[in-house]
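So the chains spell out like this:
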Amino acid sequence: MSPEPKPPPSTRALSSSSSVELDSIAPFPTQSRASHAYAPSYAESQFDTIIRRQRIRAHPGALKIPHHQLGRIKSSDDPSSSSHDPSANPPKTRHEHEFSGWGSMSYLDIPHDEVERSRRKWEEEERKEGKGRLEAWMATGVAGVAVAGSPFYAFPPLVAVAGTFSPISLLVATLLLGLWRPILNELAGALPQSGSNYIYLLNAAPKCFAVLGATVTLLDSIATSVVSAATAATYIADQVSVPFNEAWLCVLIVLFVGIVGLLGVKESAGVQTGLLSFHLGCMAALFIAACVHWGKIGNEVLRQNWHSEQPGSASGIASQIFMGVCIGFLGVTGFESTPDFISTLRPGVYPSVLLNLQLIATALNAPLMLVTFAVLPAATDIMGNGSVLNSVAKVAAGDWLKVVVTIDACVILAGSISASAVLVRLADDRILPKFMLARLPRLGTPYVALVLFIGLCLVVWGACGANLTIVSGMFAIVFLATMACYPFSHLLLAFSRPYLPRPARSSLLLSLFVLVLSLTLIGGNAYLAPETLGYFINRLFEMILYVKENEETSCVKLVHFYSNIEDIPSELEANYKILDEAFPSITVDLIFLQGEFAPPLIKATADRLGLPLSLCFVGCPRDDGMGLQELGVRIVN
């Protein structure tokens with residue numbers, strides 16, 4: 001009598017500890033299969049998959065066995081044989097360190113008092129960060145300092161390009177700014193988290209796009225700071241004599257503002273709002289004084305400026321106005337930074353903030369430029385004058401107003417020098433090194449990130465040869481690139497997250513038009529100064545390369561919230577094991593947590609696991625009353 005056929009080796013290796021379901025499946029008869037051609041049953045065809053899913057590892061550190069090696073394991077009747085040890089056949093990886101070990105499955109129990117402690121902790125942190133506290137005017141002050149201070153550095157390069165058509169170009173630029181407002185409103189409503197384009201792209205596209213958005217936003221903050229400091233140095237040098245040139249004065253201003261930032265003064269919304277109020281008062285006084293002087297001298301200076309160096313054709317005039325619009329967007333810088341503070345705003349005030357900023361830009365830029373041409377001869381006092389508003393003040397009211405404007409320029413431009421919150425966010429997401437999150441013990445200032453930001457400002461200033469014209473050209477391109485990211489983010493969000501709740505929606509055609517407009521304006525600036533595009537691309541490439549090479553992870557924890565143990569999907573454990581096998585370099589753990597999927601328990605879980613909320617992911621939430629602002633987590637891509 002021939003012996004009974006033995007089951008496959010993989011079955012013998014695991015039969016002593018298999019579950020009931022596994023034991024109930026009979027092995028297929030190999031001899032019969034060899035002698036007869038027939039279609040295998042479902043149980044036979046799924047045999048290897050079932051064995052793999054229900055395999056019990058020899059020990060917690062056992063290595064993973066690739067599926068194609070299961071059939072090569074020799075069977076043995078000795079349970080202690082190495083054929084029963086999965087570590088005898090490790091996965092074929094190029095390097096031994098690429099295998100991070102087996103994942104584990106566990107049940108987590110978080111008591112109510114621990115949830116309450118975690119909730120109080122998060123509420124205290126949010127209180128310190130000022131989340132959800134700023135009203136419309138206070139929030140306008142935070143972002144409005146840069147918007148209101150832009151005439152100081154926007155006028156000189158604009159006049160050099162648009163000439164006497166500068167007021168028209170500025171007016172068109174400030175009106176076009178309104179096209180971005182519906183887009184920003186929808187993005188902020190869908191993803192009400194600080195972080196600007198980085199957050200939007202992180203939740204709507206692959207992470208490489210988010211890194212690109214973060215880099216552009218960081219370069220925008222650097223360019224704003226450098227141009228502001230260099231312009232402030234120009235105004236100081238025009239007022240008083242200093243023992244060194246303006247380039248070194250710019251360096252001293254950046255360092256001084258950095259020291260002030262370490263003390264935490266610049267982070268105050270009250271201070272920023274006070275600076276904005278003082279600046280608007282100074283600009284109002286300058287405008288009134290210039291209008292009075294204009295009334296005294298008549299239109300003779302304005303007429304001479306209008307007829308000087310006029311293009312000879314309509315196409316020449318249109319080209320000059322268009323190029324002026326490309327540069328004129330420097331007059332609205334600061335508008336792009338509003339999403340950096342979205343989490344600090346009270347619900348519903350963000351649309352008012354955007355409207356306030358556009359009104360400020362429209363009321364300041366074009367009227368001030370017009371009265372400048374009305375009181376100053378363009379050929380002698382406007383062209384090439386880096387402190388043109390000082391000249392307007394002196395001609396209109398005398399030295400006293402010139403002193404006031406100089407003080408205002410220094411204060412408001414210094415207030416525009418600010419470390420971007422993106423640096424801290426990137427470190428929090430472990431794209432940048434974790435030590436950048438270090439804060440001063442008593443003040444809570446992220447001093448490492450601030451020092452790095454100041455260093456980057458000085459590097460850019462030096463790389464541009466301490467030339468304000470080159471930095472301003474790069475600033476215009478970076479600003480428009482940042483603005484282009486918003487319609488791009490909106491288009492991606494509309495297609496990848498169509499069910500994500502948002503209180504307002506804007507047209508996809510509008511986003512497409514704004515994206516094309518942004519790229520056109522960037523092209524205009526690149527045409528005016530091609531060398532500035534080279535500086536921008538070089539810095540962009542270096543920063544992206546750094547963050548791309550420094551983002552790593554070797555552990556993923558899957559947390560499943562459940563109410564009753566019967567509600568846990570039956571295939572969840574088996575599927576998690578497949579994931580654990582599929583990625584040798586990542587340890588995948590499965591955790592079951594009984595409780596409601598709600599912000600308090602989510603934050604308590606993050607505390608228990610020692611993870612920041614920025615590294616906790618969920619699927620795209622739907623309109624069930626809980627948004628990302630309440631959950632505080634990210635959407636998985």
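Up top is the structure.
Residues numbered from 1 in each chain as written. Predicted model: local features only at pLDDT ≥ 70, side-chain atom pairs only at ≥ 80, totals over all residues. Heavy atoms only, no water.

## Here's the deal with the overall build of the chain
- Looking only at helices and strands, one finds 27 helices and five strands in the chain.
- Burial status across the chain gives 48% buried among its 637 residues.
- A separation of at least 24 residues holds for 79% of the contacts in the chain among residues at least 6 apart in sequence.
- Carbon and sulfur atoms form 62% of the exposed surface of the chain, whose accessible area is close to 29500 Å². (Helix = DSSP H or I, 4+ residues; strand = E, 2+ residues; numbered from the N terminus. Buried < 20%, exposed > 50% of the residue type's maximum accessible area, 1.4 Å probe, protein only. Contact = heavy atoms within 4.5 Å. Areas by Shrake-Rupley, 256 points an atom, 1.4 Å probe, with all protein chains shown as cover.)

## Notes on the sheet that holds strand S3 (residues 587-594)
- Spatially, S1-S3-S2 is the arrangement adopted by the three strands of the open sheet, whose pairing is parallel. Each edge of the sheet is formed by a strand with only one pairing partner; in this case those strands are strand S1 (105-108) and strand S2 (555-562). Between one strand axis and the next, the sheet turns through 25° on average, direction left out of account.
- Examined bridge by bridge, S2 and S3 share eight bridges and lie parallel to one another. Each bridged residue has a counterpart across the sheet, and for Val556 the counterpart in S3 is Val588.
- Those strands touched by helix H26 (residues 599-609) are S1, S2 and S3, and its axis lies near 145° from that of S2. (Pairing = 2+ DSSP bridges. Axes fitted to C-alpha atoms, helices over the stretch in contact; angles between N-to-C directions.)

## So, the environment of Gly331
- Looking at where Gly331 falls in the secondary structure, it is placed in the loop between helix H15 (314-328) and helix H16 (350-375).
- C-alpha separation for the pair Gly331 and Leu171, spaced 160 residues apart in sequence, amounts to 9.7 Å.
- Discounting residues that sit within four places of it in the chain, Gly331 has contacts with Val147, Ser150, Ala154, Leu170, Ala361 and Asn365.

## Digging into the side chain of Gln358
- Structurally, the position occupied by Gln358 is in helix H16.
- For Gln358, the side chain forms a polar contact with the side chain of Arg181, separated by 2.9 Å.
- In this structure Gln358 touches Thr174, Leu175, Leu177, Gly178, Arg181 and Phe335, once residues within four positions along its chain are discounted. (Polar contact = N/O pair within 3.5 Å; in protein donor to acceptor, adjacent residues only side chain to side chain.)

## Side note on the packing of aromatic side chains
- For the structure shown, the criterion picks out eight aromatic pairs.
- Residues Phe165 and Trp306 carry aromatic rings whose centres are separated by 5.3 Å and whose planes lie at 70° to one another, so their mutual orientation is edge-to-face. Note that Phe165 is positioned in the loop between helix H7 (136-162) and helix H8 (166-176) and Trp306 in helix H14 (residues 300-307), a separation of 141 residues in sequence.
- Residue classification places Phe165 among the buried residues on the basis of a relative accessible area of 4%.
- Site record: aromatic cluster; members linked through ring pairs are Trp180, Phe329 and Phe479. (Phe/Tyr/Trp six-rings, centres within 6.5 Å; stacked < 30°, edge-to-face > 60°.)

## Describing the pattern of salt bridges
- Inspection of every chain in the model, using the stated rule, returns eight salt bridges.
- Among the ionic pairs, Glu116 bridges to Arg119, the shortest N-O distance being 2.6 Å. Of this pair, Glu116 and Arg119 both sit in helix H6 (residues 112-129), three residues apart, roughly one helical turn.
- Residue class for Glu116 comes out partly exposed when judged on its relative accessible area of 21%.
- Arg119 gets classed as partly exposed once you look at its relative accessible area, which sits at 29%.
- A salt bridge links Glu300 to Arg303; the nearest nitrogen and oxygen atoms lie 3.1 Å apart. Of the two residues, Glu300 and Arg303 both sit in helix H14, three residues apart, roughly one turn of that helix.
- Residue Glu300 is classed as partly exposed on the basis of its relative accessible area, which comes to 41%.
- Classification of Arg303 as partly exposed rests on a relative accessible area of 43%. (Salt bridge = Lys/Arg side-chain N within 4 Å of Asp/Glu carboxyl O.)

## A few points about the packing of H14 against H16
- Contact pair H14 / H16: the axes reach a minimum separation of 6 Å and the direction vectors enclose 100°. Taken together, the axes of H14 and H16 lie roughly perpendicular to each other. Here Val301, Leu302 and Asn305 of H14 lie close against H16, whose contacting residues are Phe373, Ala374 and Val375.
- When the residues that make up the contact of H14 with H16 are grouped by side-chain class, the tally is five nonpolar, one polar and no charged. (Parallel < 35°, antiparallel > 145°, perpendicular 65-115°, else oblique. Nonpolar A, V, L, I, M, F, W, Y, C, P; charged D, E, K, R; others polar.)

## Quick notes on helix H22 (residues 468-496)
- For H22, spanning 29 residues, the distance from its first C-alpha to its last is 41 Å, which sits close to the expected 42 Å at 1.5 Å a residue.
- Among the 29 residues in H22, 22 count as buried, and that is most of the element.
- The backbone nitrogen of Thr469 has a side-chain oxygen 2.9 Å away, supplied by the residue at the start of H22, namely Asn467. (Expected span 1.5 Å × (residues − 1).)

## What to know about the side chain of Asn390
- On the secondary structure map, Asn390 appears in helix H18 (residues 388-397).
- Using a relative accessible area of 1% as the deciding quantity, one classes Asn390 as buried.
- With near-sequence residues (within four places) excluded, Asn390 lies in contact with Tyr235, Asp238, Lys402, Val405 and Thr406.

## Quick look at H8
- Among the residues of H8, Ser166, Pro167, Ser169, Leu170, Ala173 and Thr174 are the ones counted as buried. Projection of H8 onto a plane perpendicular to its axis shows the buried side chains occupying an angular sector of 160°, all on one side.
- Looking at the buried residues of H8, the elements they touch are H7, H15 and H16. (Arc of directions from axis to C-beta.)

## Concerning the nonpolar core
- Counting residues in each nonpolar core, the largest one holds 135 residues, and the members touching the most others are Phe152, Trp180, Ile253, Leu286, Phe329 and Leu389.
- The element that contributes the greatest number of residues to this core is helix H11 (residues 207-239), accounting for 16 residues.
- Within the second largest apolar cluster, 15 residues are counted, among which are Leu108, Val115, Phe561 and Cys616. (Core = buried A, V, L, I, M, F, W, Y, C linked by side-chain atoms within 4.5 Å.)

## So, the packing of helix H9 (residues 181-190) against H22
- At their nearest, the axes of H9 and H22 sit 10 Å apart, and the two run at 55° to each other. By the angle between their axes, H9 is oblique relative to H22. In the crossing of H9 with H22, the sense of the turn from one axis to the other is left-handed. Counting all contacts with H9, which are made through Ile183, Leu184, Glu186, Leu187 and Ala190, the residues of H22 involved are Tyr486, Pro487, Ser489, His490 and Leu493. (Left-handed = near helix turned anticlockwise from the far one by under 90°.)

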